[in-house]
Amino acid sequence: MSRTAELIIDGKSYKLPIIEGSEGEVAIEIGNLLEEVKVITLDPGYKNTGATKSAITFLDGDHGILRYRGYPIEQLAEKSSFIEVAYLLIFGELPTQPQLDKFTHDIKTHTLVHEDTKKILDGFPSTSHPMGVLASLFCSQTAFYPESLDPNRSAEGVYLSIVRSLAKMPTFAAWSYKNAVGHPVNYPDNSIDYCSRFLKMMFALPAEDYNVDPVVANALDKLLILHADHEQNCSTSTVRIVGSSKASIYSSISAGINALWGPLHGGANQEVIVMLENIRKDGGDTEKWINKAKDKNSGFRLMGFGHRVYKNFDPRAKIIKKAADDVLTKLGVNDPVLEIAQKLEEAALKDPYFVERRLYPNVDFYSGIIYRALGIPVDMFTVMFAIGRLPGWIAQWKEMRENKEPIGRPRQIYTGHTTRDYTSITKR
Ligand code: CMC
């Protein structure tokens, strides 16, 4: 029997349908409320508002569960590869070997970017943050592939845009770094795997042999899997809402990259290392900084702590914390901020302020420490997150398109002036 909710406004009752997800999640459907009752719902930050039905990622914040297409993140991080996970997210099932071979081959065929992209890159001063450069280069692909602007593109055309996006992302990312350090760019080496290709473009210097360390490439692959999707977060909702206007895949994803950049979202991984370094330089007194985070007037938050949906623990943070230990040991890196991070975490988890608000380390708390051990500069941390999140953005954009979702257009409660007459400038 279908369930309904009852809403009573001014003594009048309205029945609203209840929708249930495959994991028992419950939503009250309010689609016709405005038409029937002339009221809207108000939920700043969409804290309690579902914007879509999606079959891609399941997340249970109370129990620290994250699954891509039903597969637990722990299993995927341990046993799968980033490209296999990308296929799973985008096409819904784990690939067979021939499917994976074809997908890998198709991606390799498109790693080169149009040479004119370099002219666009050359226009950026070396002071440009790599995230801004990445978003711009991504969007510039609408110019090189104008057919991608067609909202009625065939399935084959969409597939081409998808493999182009995945193929060119590491090239754009590495080039955004080369621009920042003022070095010549490297071209993709298709004889090596996805992560190694990125690392080689990023670190190889002219006239020098560069061999990718497999420990580094494997650690990066795992990090990318952990970042690959996270249902309707800020950047993914941005991708879906931009895409809902039938903007192209490149412009939708470029918007997602910009949304990810902010310090409350993907930009937090950069902020965590900056914070840990500041604490170290300040003498390493973690208690002082915990107190600062609790003081609402300080304007300071413990970066890498807290999450909109995880209220118990972030399963990605658990995996990353262990991976950070492994990678640092394997690479023989001794990073003094790791100890500070561990002390901060220990203190915060015991502190009533953090306990009452259910604030736990999130994915960004330890990821920066691994990136640093892998030799990735701080300004590139959020770019790494973007490389990881790309398959999720693509999958969500594709789902939104295939489900023929309406254009995203929230309502508002107007709080400005009521009508008033214009006065000429001499009378004001
Ligand atoms: N340090 C200190 N206090 C915090 C923190 C923090 N990191 N996060 C939340 N709080 C407090 C906040 O002040 C508020 O307290 P009160 O109830 O007394 O007003 C309460 O906890 C709830 O916080 P909120 O800002 O209302 O929660 P939100 O769901 O709107 O924000 C968040 C979630 C992730 C933006 C926030 O926890 C935060 O700013 N964290 C630091 C930035 C960060 O690490 N972001 C990365 C998120 S994970 C990667 C991703 O998916 O983007």
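If you're wondering where the values come from, they're calculated on a predicted model, not measured in any experiment.

## Let's talk about the nonpolar core
- By size, the foremost hydrophobic cluster in this structure holds 112 residues, and its most contacted members are Phe198 and Leu302.
- Other than its neighbours up to four places away in sequence, phenylalanine 198 contacts Pro170, Ala173, Ala174, Leu220, Ile376, Met380, Met384 and Ile387.
- Core analysis: the second largest hydrophobic core is formed by five residues, Ala5, Tyr14, Leu16 and Val37 among them.

## Side note on the domain arrangement of the protein chain
- Per the domain assignment, the segments of the protein chain are domain 1 (4-50) and domain 2 (73-406).
- Using C-alpha coordinates to define each centre, domain 1 is positioned 35 Å away from domain 2.

## Notes on the pairing of strand 5 (residues 65-68)
- Of the two faces of strand 5, only the one carrying Leu66 and Tyr68 is buried; Ile65 and Arg67 on the other face are not.
- As defined by bridge partners, strand 4 (residues 57-60) adjoins strand 5 across four bridges and the pair is classed as antiparallel. If you follow leucine 59 over to strand 5, its bridge partner there is leucine 66.
- Counted between consecutive antiparallel strands, the loop separating strand 4 from strand 5 contains four residues, among which glycine 64 sits at a positive phi close to 65 degrees.
- Bridge analysis of strand 5 against strand 6 (residues 71-72) gives two bridges, and the strand direction is antiparallel. Bridge pairing in strand 6 places arginine 67 opposite proline 72.
- Adjacent in sequence and paired antiparallel, strand 5 and strand 6 are bridged by two residues, among which arginine 69 carries a positive phi angle near 50 degrees.

## As for helix 4 (residues 97-108)
- Between the first and last C-alpha of helix 4 there are 16 Å, a value that for 12 residues agrees with the 16 Å anticipated at 1.5 Å per step.
- Residues of helix 4 that are buried include every one of Leu100, Phe103, Asp106 and Ile107, and no others. Around the axis of helix 4, the buried residues are gathered within 130 degrees of arc, so they sit on the same side. Of the exposed residues in helix 4, the ones pointing more than 90 degrees away from its buried face are Gln97, Pro98 and His105.
- For helix 4, the secondary structure elements touched by its buried residues are helix 3 (82-91), helix 7 (155-181) and helix 8 (194-203).

Reading guide: rules and limits
Residues numbered from 1 in each chain as written. Predicted model: local features only at pLDDT ≥ 70, side-chain atom pairs only at ≥ 80, totals over all residues. Heavy atoms only, no water. Core = buried A, V, L, I, M, F, W, Y, C linked by side-chain atoms within 4.5 Å. Buried < 20%, exposed > 50% of the residue type's maximum accessible area, 1.4 Å probe, protein only. Contact = heavy atoms within 4.5 Å. Domains from an automatic or database assignment. Helix = DSSP H or I, 4+ residues; strand = E, 2+ residues; numbered from the N terminus. Pairing = 2+ DSSP bridges. Expected span 1.5 Å × (residues − 1). Arc of directions from axis to C-beta.

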